Amino acid sequence: MKMNQIVCLFFITLFTASSAVAQNTRINDYNKIGWYAATGTFSFNSKWSAHLEYQWRRENYIKTWQQSLLRTGINYHANNSTTLRIGYAWAETYAYGDYPINGFGKTFTEHRMYEVATLAQRSGTVDISHRIMLEQRWLPRYASAASAKPDEWLFMNRARYMLRLQHALKGKTLEDKEPYVAVYDELFAGFGKNVNENIFDQNRLGILLGYRFSKNFRLEAGYLGQVVQLGREIGGRNVFQHNNGFILSSVVNVNL
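First, a word on what this report is: a plain description of the structure on this page. For clarity, every value in this text was computed on a predicted model and none was experimentally measured. (Residues numbered from 1 in each chain as written. Predicted model: local features only at pLDDT ≥ 70, side-chain atom pairs only at ≥ 80, totals over all residues. Heavy atoms only, no water.)

Time to look at the side chain of D185. In this structure, D185 sits in strand β8 (residues 178-191). Here D185 occupies a buried position and makes no salt bridge, while the nearest side chain of opposite charge, R204, is found at 9.6 Å. Of note is the side chain of D185, whose polar atom sits 3.2 Å from the side chain of N203. (Helix = DSSP H or I, 4+ residues; strand = E, 2+ residues; numbered from the N terminus. Buried < 20%, exposed > 50% of the residue type's maximum accessible area, 1.4 Å probe, protein only. Lys, Arg positive; Asp, Glu negative; His and termini not counted. Salt bridge = Lys/Arg side-chain N within 4 Å of Asp/Glu carboxyl O. Polar contact = N/O pair within 3.5 Å; in protein donor to acceptor, adjacent residues only side chain to side chain.)

Listed below in structure tokens is the structure:
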């Protein structure tokens, strides 16, 4: 399949998913968010590296918590365009918005194992990357609002696909001390017996302006839009969060 066919298929899928969730019976919850992220890649040699990432996710732009996410992993660089990763992620999700993700309004901890394949290519002057991720998630279930600890842990699966396009603002390729623009969209889908309402789990859209200081450090900032479907109904109606705001990210590469 050619690149233009892949991109076209992706946006058709995105449009179909967006149309499917845009039903009149849903409950909409609108929130303002600010995400602050730091990502590091620590290379051992040409084939192996470590991944370390932390995301400080806030509601009301910066005032209150939305989520705290720590992700670690080991990368295998198969070739110049393909990277494979396996790792672990810890997430602490808070009771934000009018309809919290946890039905009792509790802050809860989530543990994940994940596997990632990232494919990079170039079309004309545009750098294109595809990220395919599988997550194995362990989420707590509470029997009542009075429960201090989870009564059990539920296992769920989730698949993610992200398409990112990047273009240098000076020349045909991105060099040191040059700006660039990037846009990405990531679609999440839950699967398995413990997935309830949110087979469509969420979608994220980012429009970014970046600056590459050197091959080892760059900064990105811009708009972030997140649509999340809760895994439960309220009054027989699906609940969708529309979280809009900005993201600020730093990316560091260290050769050990």
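Once that is clear, we can look at unusual backbone geometry. As a rule of thumb, non-glycine residues mostly have phi less than zero, and peptide bonds are mostly trans rather than cis. Here N60, not a glycine, exhibits a phi torsion of approximately 55°, which is positive. Secondary-structure assignment places N60 in the loop between β2 (48-59) and β3 (64-77).

Attention shifts here to the environment of Y180. Here Y180 shows up in strand β8. According to the relative accessible area criterion, Y180 is buried, its value standing at 0%. In this structure, the C-alpha to C-alpha distance between Y180 and L209, residues 29 residues apart in sequence, is 6.0 Å. Separated by 2.8 Å, the side chains of Y180 and E220 make a polar contact.

It is characteristic of soluble globular proteins that their nonpolar side chains tend to be buried jointly. In terms of nonpolar packing, the biggest core is built from eight residues, these being I33, W35, M162, A182, Y184, L208, L224 and I247. Taken together, the elements giving at least two residues each to this core come down to β1 (27-43) and β8. With sequence-adjacent residues up to four places away left out, I247 is seen in contact with W35, Y184, L208, E220, A221, G222, Y223 and L224. Counting six residues, the second largest nonpolar core, distinct from the first, contains F108, L139, L154 and V195. (Core = buried A, V, L, I, M, F, W, Y, C linked by side-chain atoms within 4.5 Å. Contact = heavy atoms within 4.5 Å.)

Our focus in this paragraph is the pairing of β8. With ten of its 14 residues buried, β8 lies for the most part within the structure. Here twelve bridges tie strand β7 (residues 152-168) to β8, and the two strands are oriented antiparallel to one another. Among the inter-strand pairings, R160 is bridged to a residue of β8, identified as F188. Note: β8 against strand β9 (residues 200-214), twelve bridges, orientation antiparallel. Bridge pairing in β9 places Y184 opposite G206. (Pairing = 2+ DSSP bridges.)

Throughout the structure, instances matching the rule amount to 15 salt bridges. Here R71 makes a salt bridge to E53, at a shortest N to O gap of 3.0 Å. Highlighted residues: R71 in strand β3 and E53 in strand β2, separated in sequence by 18 residues. By relative accessible area, which is 4% here, R71 ends up buried. A salt bridge links R137 to D201; the nearest nitrogen and oxygen atoms lie 3.9 Å apart. Highlighted residues: R137 in strand β6 (residues 126-141) and D201 in strand β9, separated in sequence by 64 residues. The exposure classification of R137 matches that of D201, with both residues buried. Linked through salt bridges whose partners overlap, the residues forming this network are E110, R112, R131, E135, R137, R158, R160, E186 and D201.

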